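The primary structure of each chain is shown beneath.
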Amino acid sequence: PPNRHEGIFHSRVAVSLRLHHLLTSASVPSPRRVALRVSPEAERWLRAGHPWVYDQAIRRKSHEGAAGDLAVVFDQRNRFLAIGLYDPGSPIRLRVLQHRTPAPITVAWFEARFLAALKLRAGLEAQTTAFRLVHGENDGLPGLVIDRYESTLVMKLYTAAWLPWLGAVTTAVASAFPAKRLVLRLSRAMAPAARRIGLSDGLLLWGPQLEKPIIFQEHGLRFEVDPIRGQKTGFFLDQRDTRAALGALCEDRSVLDMFAYTGGFSVHAAGGGATEVTSVDVSRSVLEAAARNMALNRRHPAVKRVTHHCLVGDAFTVLGNYRHEQRKFEVVILDPPSFAGSNAQVAPALASYRRLTQLGIGLLRSGGVLAQSSCSSHVTAEDFFNTVGKAAYDSGWQLRGLQRLGHPVDHPIAFPEGAYLKTLIAKVYRPGTPRRAAAVAAAPS
């Protein structure tokens, strides 16, 4: 009926106008302020600079706030402890912006945070044209990540609490990080709230449309990235240092890259002089991108000589099949997705890491290199390294540690849960080599 179509039209216009207002307004919103009292333990964590307050830690509140309201935490003596963004739809009820000293949350406040983050990344342009500008909680902006790929910025939001602040944030971004375009990425949990105001994952907030993938450089190698549809913001920038370290160990070696994604490790292995690289992932589309990334670098003398294979398949199944076929490699790379999304999943995650180690190490020739990573924040570095070392030892193998790697400079760590990434690169020796009591002797690099 005509009145129904009329209603749809006016609804779309209203959404468009609200979105335009959000992105063109440099002013901050005028949310209600929520006063909070928290448990003594939460007070101690806030004094130590922790960026989160969980729902169960809240003892009293002045009223129920909306997503994006500013919540102020007072201690037992009515003194200011922190101010941050309130999110009633998340177990993390408060994401702290300012600790201990009150401050107005304005465009200038955001710009100062952005410029401080940029200062920490000084000199990265010599290594790469893609890096993380803002690392969420660890740069004092919980639930907000900004990555740069050449002249494109990709901003990912992990809480609906940021939505009312988009105008202020994008204004500060434009000032602190001049760029050609800004792309918005949204976590799955906050997508419904974003859709209500006309926002969608992969939305171009400003700048010309992307008509083809962006090509960026890392350590002299070239990679394509799709910031609109790729995982996270399009590329796993946090493994940059590990890719460089591992590439230097691949000369004249055959390499197996499990969980290859778009070939970051594969291309670095080829650039390091590998004779043969096999990239394995469960997704055909990302392996097609891995093949294109290898092709992008065929002018590189070492990459020109490498033989590159791509195999679509489940990692555990492929490793088991290779073991049955008695396939051997000289470098095995195991960089899986997170196995533990909560503390309850730590034990199964450690079991999966153990199984990966046993399968991967069985494909190596003596003197070969095992590189294994964990990006599970709930799994500690100590538990991860001990699990890998014990799995190798119990299988009758010895690891001689070369390096333990963690976060690059653009992924700083500001609180315990912020330390999620850990990688072991070790040489593997056959049974019969004298065993040491400690299977892994690597010292932190």
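Everything here concerns the structure above.
Residues numbered from 1 in each chain as written. Predicted model: local features only at pLDDT ≥ 70, side-chain atom pairs only at ≥ 80, totals over all residues. Heavy atoms only, no water.

(A) The arrangement of the nonpolar core in detail. Within the largest apolar cluster, 42 residues are counted, with the highest numbers of intra-cluster contacts made by Phe110 and Phe114. For this core, the element with the most residues is helix H4 (residues 166-176), which contributes 6 residues. Excluding its chain neighbours within four sequence positions, the residues that come into contact with Phe110 are Ile105, Leu141, Trp162, Trp165, Ala168, Val169 and Ala172. (Core = buried A, V, L, I, M, F, W, Y, C linked by side-chain atoms within 4.5 Å. Buried < 20%, exposed > 50% of the residue type's maximum accessible area, 1.4 Å probe, protein only. Helix = DSSP H or I, 4+ residues; strand = E, 2+ residues; numbered from the N terminus. Contact = heavy atoms within 4.5 Å.)

(B) The side chain of Gln98, seen in detail. Inspection of the secondary structure puts Gln98 in strand S6 (residues 92-99). Here Gln98 falls in the buried class, since its relative accessible area comes to 13%. Of note is the side chain of Gln98, whose polar atom sits 3.1 Å from the backbone oxygen of Thr101. In this structure Gln98 touches Phe80, Leu81, Ala82, Ile83, Ala103, Trp109 and Arg113, once residues within four positions along its chain are discounted. (Polar contact = N/O pair within 3.5 Å; in protein donor to acceptor, adjacent residues only side chain to side chain.)

(C) Inspection of the sheet that holds strand S16 (residues 307-312) at higher detail. Sheet architecture is open: 7 strands sit in the order S16-S15-S14-S17-S18-S20-S19, paired in mixed fashion. Where the open sheet ends on each side, the last strands, each with one partner, are S16 and strand S19 (398-405). The sheet shows a mean angle of 15 degrees between the axes of neighbouring strands, taken without regard to direction. Examined bridge by bridge, S19 and strand S20 (residues 422-429) share 7 bridges and lie antiparallel to one another. Bridge assignment links Arg404 to a residue of S20, and that residue is Leu424. Across the face of the sheet, helix H6 (residues 240-247) comes into contact with strand S17 (329-334), strand S18 (364-374), S19 and S20 while running at roughly 15 degrees to S20. In this fold helix H10 (residues 315-324) packs onto strand S14 (254-258), strand S15 (276-281), S16 and S17, with an angle of close to 150 degrees to the strand it touches most, S14. (Pairing = 2+ DSSP bridges. Axes fitted to C-alpha atoms, helices over the stretch in contact; angles between N-to-C directions.)

(D) Region of interest: the pattern of salt bridges. Applying the stated criterion across every chain yields a total of 13 salt bridges. Between Glu224 and Arg292 there is a salt bridge whose closest N-O contact spans 2.8 Å. Linking Glu224 in strand S13 (residues 221-225) with Arg292 in helix H8 (residues 284-296), this pair joins segments that are 68 residues apart in sequence. Classification of Arg292 as partly exposed rests on a relative accessible area of 41%. Between Arg229 and Asp226 there is a salt bridge, and its shortest N-O distance comes to 3.1 Å. Overlapping salt bridges, with partners in common, bring together Glu43, Arg47, Asp75 and Arg79 in one network. (Salt bridge = Lys/Arg side-chain N within 4 Å of Asp/Glu carboxyl O.)

(E) Main features of the sheet that holds strand S4 (residues 70-74). Pairing is mixed across the open sheet formed by 6 strands, whose spatial order is S2-S6-S5-S4-S1-S3. Each edge of the sheet is formed by a strand with only one pairing partner; in this case those strands are strand S2 (52-54) and strand S3 (58-61). Strand-to-strand, the axes of this sheet are offset by a mean angle of 35 degrees, without reference to chain direction. Of the strand pairs in this sheet, strand S1 (residues 33-38) and S3 are connected by 3 bridges, and their pairing is antiparallel. For Leu36, the partnering residue across the bridge sits in S3 and is Lys61.

(F) Just the side chain of Ser90, in detail. As for its placement among the helices and strands, Ser90 is situated in the loop between strand S5 (80-86) and S6. Given a relative accessible area of 12%, Ser90 falls into the buried group. Of note is the side chain of Ser90, whose polar atom sits 3.0 Å from the backbone nitrogen of Ile92.

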